[in-house]
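# Chains, contacts and geometry: an overview
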Amino acid sequence: MVEEACKVLTEITEKGYKAYIVGGFVRDYLLKIESNDIDITTNATPKQLQEIFKDALLPTTDYGSITIVRKKVRYEITTFRKEIKYINNRKPVEIEYIDDLVEDLKRRDFTVNSICMDENKEILDFLKGQDDLHERVIRTIGNAKEKLEEDSLRILRAIRFATSLNFSLSDEIKEAILLTKHLLKDLSYNRKKEELDKIFASKNVNRGISLLLEFGLDKELELERLREIKNTDSLISVWSMLNVIDIYPFTSSEKTLINNINKVMNEDNLDPMTLYQYGLYVNSIAGTMKNIERKEITKAYNGLPIHSKSDIAITSNQIMELLKRGPGEYLKEIYCDLESKILYHRLVNEEKTILEYIRKRYQ
C-alpha cells in the first residue's frame, strides 16, 4: 500500500509541487497497523490537482481538496491551508491556501496525526508526533481547549483514538474535554454516531465506554444506559442495549436487528422456535449479552430440523391438491402448525408423513 501511495506523491512532485502523506496512514504505518485511510497534503491548488489527475472524483474545491481512486484505494488530496474561521464549533467556513507545510500541520487535531511521509518514504515530524506515539498518548496540536472549541467532534475523536490505539489522553485534553463537553449537544447526531460506531466496534470497546463515562459524556450524548453495557462483542449489540433508536440515525436494517435483539432478550435463545424465527445472528448477540456460550447457540441452531419454510418437505400446491381447496389463509395456519410440530420433533420432516398428518387433521 505504501508503495502505491508514494507513486501518487510522485505524480504531484514531478509537476514541481510539494506533496506528503499525512495523518492516520503514517501513524498506523509507524505502529505497524494495516490502514487504507490515505490523506495527502500538497501546495498544489485543487485546480492544479485536477490538471494532474484527470480522473479526479468529487472535487470539493471550496474545502480545498480532491479525491482520486487508485487500485480501489481512495486518496483525499488537500491543499496546504489555514482555517481562519469556524461556525457551530465544527465547520471551517473561511480558509486560506498557503505554501507552508508546518503551518498546514498546525491546524490539525492531534500530534500523532501530524506526522508526514514523502515520496521516498522518509518521515517528517515537525510537531513531535513520534514522541507521543512512543509515549502512547493523545495530545492536541496547540491549546487543547481551543482545538476542541474549534471543532467539538475532536472530543469524540480523542476518545476514539485512545480506544482503538489503547493510548492515554494528555492531562490537558482531559481538562479541555470537561470544559467543552457541553458543545457535543450541538453536534449532528450523524457525526456523533460515526465516531461512536468506531468506538463501539473497537476490540477495545470497554476502554472506550469507560472513557465516555469518566468524562460524563453519556449525558451529553444522551446515552442514558451506557453504564449498563456488558458482555458485548459487536457494534449492533451495544446500540441495542443503549435503546436510542429514536434519537440516533439508523438504517432500516439496523433498526430491524436492534428491535429483534431486544425482543429475544426476553426469550430462551436455545428454544427451537426462537432460533427459527429470529436466526442465529440475533440469538447469538442476545445470548452473549446473557452469558450464554455462542457455541451452544450455534450447536442448537445447526441442530434444527428446518431453518425456513422452504425446508419443509411439501409444497403449498401439494396441500391444496390434497385438501381439494384453492389458495387461502388456511395455508398459513397449516404451515405454522407444521413448523411448530417439526421444530419440536413431534413430526418428522418427510413428505409422506406430513401429507398423512394433514389428511388426518385438516381434511
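Residues numbered from 1 in each chain as written. Predicted model: local features only at pLDDT ≥ 70, side-chain atom pairs only at ≥ 80, totals over all residues. Heavy atoms only, no water.

## Thoughts on the overall build of the protein chain
In terms of regular secondary structure, the protein chain is built from 18 helices and 11 strands. On C-alpha atoms alone, the protein chain measures out to a radius of gyration of 28 Å, which is more than a quarter above the 21 Å that the 2.2 N^0.38 rule sets for 363 residues. For the C-alpha atoms alone, the extent of the protein chain along its principal axes is close to 85 × 45 × 35 Å. Sequence separation of 24 or more characterises 60% of the internal contacts of the protein chain that already satisfy a separation of 6 or more. About 18800 Å² of surface is accessible on the protein chain, with carbon and sulfur atoms providing 46% of the total. The positive charge centre, built from 57 side chains, and the negative charge centre, built from 61, are 4 Å apart in the protein chain. (Helix = DSSP H or I, 4+ residues; strand = E, 2+ residues; numbered from the N terminus. Rg over C-alpha atoms; globule rule 2.2 N^0.38 Å. Contact = heavy atoms within 4.5 Å. Areas by Shrake-Rupley, 256 points an atom, 1.4 Å probe, with all protein chains shown as cover. Lys, Arg positive; Asp, Glu negative; His and termini not counted. Charge placed at Lys NZ, Arg CZ, Asp CG, Glu CD.)

## So, the state of the cysteines
Tallied over the entire structure, the rule returns zero disulfides. We note that Cys116 lacks a disulfide partner, and the nearest cysteine sulfur, in Cys6, lies 12 Å from it. A relative accessible area of 0% places Cys116 in the buried class. (Disulfide = S-S within 2.5 Å. Buried < 20%, exposed > 50% of the residue type's maximum accessible area, 1.4 Å probe, protein only.)

## Structural notes on the packing of aromatic side chains
Scanning all chains against the criterion turns up five aromatic pairs. Between Trp239 and Phe250, the aromatic rings sit 5.3 Å apart at their centres with planes inclined by 80°, giving edge-to-face as the arrangement. Taken together, the residues span a long stretch of sequence, with Trp239 in helix 12 (residues 235-242) and Phe250 in the loop between helix 12 and helix 13 (252-264) at a distance of 11 residues. Like Trp239, the residue Phe250 is buried in the burial classification. Site record: aromatic cluster; members linked through ring pairs are Tyr189, Phe200, Trp239, Tyr248 and Phe250. The ring of Tyr189 carries the charged tip of Lys192 above its face, separated from the ring centre by 4.3 Å. Above the ring of Tyr335, the side-chain terminus of Lys309 is found at 4.8 Å from the ring centroid. (Phe/Tyr/Trp six-rings, centres within 6.5 Å; stacked < 30°, edge-to-face > 60°. Lys NZ or Arg CZ within 6 Å of the ring centre and 35° of its normal.)

## A look at the packing of helix 9 (residues 189-200) against helix 12
Axis separation between helix 9 and helix 12 bottoms out at 8 Å; the angle between their running directions is 115°. Where helix 9 crosses over helix 12, the handedness of that crossing is right-handed. In this structure, helix 9 uses Lys193, Leu196, Asp197 and Phe200 to contact helix 12, whose residues at the interface are Leu235, Val238, Trp239 and Leu242. When its residues are assigned to classes, the contact of helix 9 with helix 12 shows six nonpolar, no polar and two charged. (Axes fitted to C-alpha atoms, helices over the stretch in contact; angles between N-to-C directions. Left-handed = near helix turned anticlockwise from the far one by under 90°. Nonpolar A, V, L, I, M, F, W, Y, C, P; charged D, E, K, R; others polar.)

## Remarks on the nonpolar core
Core analysis: the largest hydrophobic core is formed by 74 residues, its most contacted members being Ile40, Ile138, Leu169, Phe200, Leu217, Leu223 and Trp239. With seven residues, helix 7 (residues 153-164) is the largest single contributor of residues to this core. Residues contacting Leu169, with those up to four places away along its chain left out, are Val137, Ile138, Ala158, Ile159, Ala162, Lys174, Ile177, Leu211 and Phe215. In terms of nonpolar packing, the next biggest core, distinct from the first, is built from 25 residues, Tyr276, Tyr301, Leu322 and Ile354 among them. (Core = buried A, V, L, I, M, F, W, Y, C linked by side-chain atoms within 4.5 Å.)

## Topic: helix 18 (residues 351-362)
Working note: α-helix, 3.6 residues per turn, so residues spaced by three or four point in the same direction. Look at helix 18: 16 Å from first C-alpha to last across 12 residues, which is about the 16 Å you get at 1.5 Å a residue. Those residues of helix 18 that are buried are in contact with helix 16 (316-323) and helix 17 (330-343). (Expected span 1.5 Å × (residues − 1).)

## A word on the pattern of salt bridges
One pass over the structure, following the stated rule, counts 25 salt bridges. With a closest N to O distance of 2.8 Å, Arg157 and Asp109 form a salt bridge. Of the two residues, Arg157 is situated in helix 7 and Asp109 in the loop between helix 4 (101-106) and strand 8 (116-117); the sequence distance between them amounts to 48 residues. Judged by relative accessible area, which is 21%, Arg157 ranks as partly exposed. Among the ionic pairs, Glu254 bridges to Lys193, the shortest N-O distance being 3.7 Å. Of this pair, Glu254 sits in helix 13 while Lys193 sits in helix 9; the two residues are 61 residues apart in sequence, bridging distant segments of the chain. Lys193 gets classed as buried once you look at its relative accessible area, which sits at 6%. Linked through salt bridges whose partners overlap, the residues forming this network are Glu4, Lys7 and Lys71. (Salt bridge = Lys/Arg side-chain N within 4 Å of Asp/Glu carboxyl O.)

Geometric values such as these leave the question of function open.
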